[in-house]
Amino acid sequence: MHNYKELFVWKRAIKLCAYIYKLTADFPNEERFGLISQMRRASVSVPSNIAGGGRRTDKEFVHFLGIAHGSICELETQLYVSIELEFTDLEKIDFVTNEITEIQKMLYALILKFDAKSS
């Protein structure tokens, strides 16, 4: 069993999610069911999957961490799409892209740690 609430990566993912909600509030209203929805779901998926794997075996936890890692990569891609569409700019998301990179590294390190334990 893993107490996900004690994981720094889970705490950072929660803060990132809140930031994404605030950022996308300024996107065009017609994107409500498009990019806004996708970005919000991807951002919520990261801490949710960390939590979802928290009460499972190491092998299952690694699986959930992999899903969280995939979701954060999707979110990063969606951020760059939002720049191309001029819904936001690099200055507004500089913090977010740095935070995404750090969370990706943390998730990967946890995957390696728990994958080695489950082997």
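Just so it is clear, the structure is predicted and the values come from calculations on it, not from any experiment.

A. Seen up close, the state of the cysteines. Considering all chains together, one arrives at 0 disulfides under this definition. Sulfur of Cys17: no disulfide; nearest cysteine sulfur belongs to Cys73 and is 16 Å away. Relative accessible area serves as the criterion here: at 28%, Cys73 is assigned to the partly exposed category.

B. Quick peek at the side chain of Thr88. Checked against the element boundaries, Thr88 lands in the loop between helix H3 (58–84) and helix H4 (90–118). According to the relative accessible area criterion, Thr88 is buried, its value standing at 8%. When residues no more than four places from it in sequence are discounted, the contact partners of Thr88 are Leu23, Phe27, Ser82, Ile83 and Ile93.

C. Molecular detail of the nonpolar core. The biggest cluster of nonpolar side chains holds 33 residues, and the ones touching the most others in it are Leu7, Leu16, Ile20, Val46, Ile50, Leu79 and Leu107. Only helix H1 (8–24), helix H2 (35–52), H3 and H4 provide two or more residues apiece to this core. Those residues in contact with Leu7 that sit more than four places away from it in its chain are Ile50, Phe61 and Leu110.

D. Representation of the packing of aromatic side chains. The final tally for this structure, using the stated rule, is 4 aromatic pairs. Ring geometry for Tyr4 versus Trp10: centroids 5.2 Å apart, planes at 70°, classification edge-to-face. Take Tyr4 and Trp10: they sit in the same class, and that class is buried. Pairing Phe61 with Phe114 gives two aromatic rings, centres 5.1 Å apart and planes at 75°, and the pair type is edge-to-face. A residue pair is termed long-range when its members are at least 10 positions apart, and Phe61 in helix H3 and Phe114 in helix H4 qualify at 53 residues. Each member of the pair, Phe61 together with Phe114, is buried.

Rules of the game
- Residues numbered from 1 in each chain as written.
- Predicted model: local features only at pLDDT ≥ 70, side-chain atom pairs only at ≥ 80, totals over all residues.
- Heavy atoms only, no water.
- Disulfide = S-S within 2.5 Å.
- Buried < 20%, exposed > 50% of the residue type's maximum accessible area, 1.4 Å probe, protein only.
- Helix = DSSP H or I, 4+ residues; strand = E, 2+ residues; numbered from the N terminus.
- Contact = heavy atoms within 4.5 Å.
- Core = buried A, V, L, I, M, F, W, Y, C linked by side-chain atoms within 4.5 Å.
- Phe/Tyr/Trp six-rings, centres within 6.5 Å; stacked < 30°, edge-to-face > 60°.

In short, geometric facts, not functional conclusions.
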